[in-house]
Amino acid sequence: MAEWLEHTVHVDVETPVEEVWALWSDISQMPNWMKWIDSVEVLEEDPALSRWKLETTGLSFSWLSRIVKVVPQQVIQWESVDGLPNRGAIRFYGHKEGGSTVKMSISYALPSILARLMMSSSFVDRVVTSTLQADLDRFKDYAIAQAKARSKDSSAQKVSAEP
């Protein structure tokens, strides 16, 4: 018997929701900001499927995931179809002033005895939640760096195009 555990974190990013969406919707980029994700491979035969590999401190898991819902610039929702049982969603909220908020909810199933141990230990919950929050903080830095690089490239192209 398994029990589901859930963690939700969010971050505000000084980058427009369109740019934040573009980064997240290319899920193969996630190892750039998610510490425990070693790789994400989108399957050519079905782009809604991807093979994920998680590695941390001697533990390694992999799973096949399916994108089950996409609303551009609003939500990407997934669920695993084999391997480590998990599901979740990334939600995007644009702000009038041009920034955005990214909210990530992740649930995963563990054997009941292990889940009870984790739920009774607020330390484990805090470690997982703080790791996910650190991932979103890294994403924020990554998104801002990508936006600055695009802006710099755009400025350089404008200068070179002028007579």
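Check the entry above for the structure.
Residues numbered from 1 in each chain as written. Predicted model: local features only at pLDDT ≥ 70, side-chain atom pairs only at ≥ 80, totals over all residues. Heavy atoms only, no water.

Here's the deal with unusual backbone geometry
Excluding glycine, most residues fall at negative phi; most peptide bonds, likewise, are trans. Note the threshold: Helix and strand assignments follow DSSP, with helices taken as H or I runs no shorter than four residues and strands as E runs no shorter than two, numbered in order from the N terminus. Burial classification: accessible surface area is computed with a 1.4 Å probe over protein chains only, and a residue below 20% of its type maximum counts as buried, one above 50% as exposed, and the rest as partly exposed.
You will see that T57, though not glycine, has its phi angle at about 35°, which is positive. Within the fold, T57 resides in the loop between β3 (49–56) and β4 (59–71). At Q73, a position not held by glycine, the phi torsion is positive, near 65°. Mapped onto the secondary structure, Q73 falls in the loop between β4 and β5 (75–83). Judged by its relative accessible area of 32%, Q73 falls in the partly exposed class.

Remarks on the nonpolar core
Short version of the rule: Among buried residues, those of type Ala, Val, Leu, Ile, Met, Phe, Trp, Tyr and Cys that are joined through side-chain atoms within 4.5 Å constitute a nonpolar core.
The biggest cluster of nonpolar side chains holds 34 residues, and the ones touching the most others in it are W24, M30, W33, F92, V102, M104 and F139. For this core, the secondary structure elements donating two or more residues are β1 (2–13), α1 (17–25), β2 (37–42), β3, β5, β6 (86–94), β7 (100–111) and α3 (122–161). If you tally residues by element for this core, the top one is α3, at 6 residues.

Section: the environment of E41
The test is simple: Should any heavy atoms of two residues lie within 4.5 Å, those residues are counted as being in contact.
As for its placement among the helices and strands, E41 is situated in strand β2. Along the chain, E41 and Q29 lie 12 residues apart, while their C-alpha atoms are 9.6 Å from each other. The residues touching E41, leaving out its near neighbours within four places in the chain, are L49, S50 and R51.

Quick notes on the pairing of β3
How we decide: At least two bridges found by DSSP between two strands is the condition for calling them paired.
With 5 bridges joining them, β2 and β3 adopt antiparallel strand pairing. Within β3, the residue paired with V40 across the bridge is W52. Connecting β3 to the antiparallel partner β4 that follows it, the hairpin turn spans 2 residues, and T57 within it adopts a positive phi of roughly 35°.

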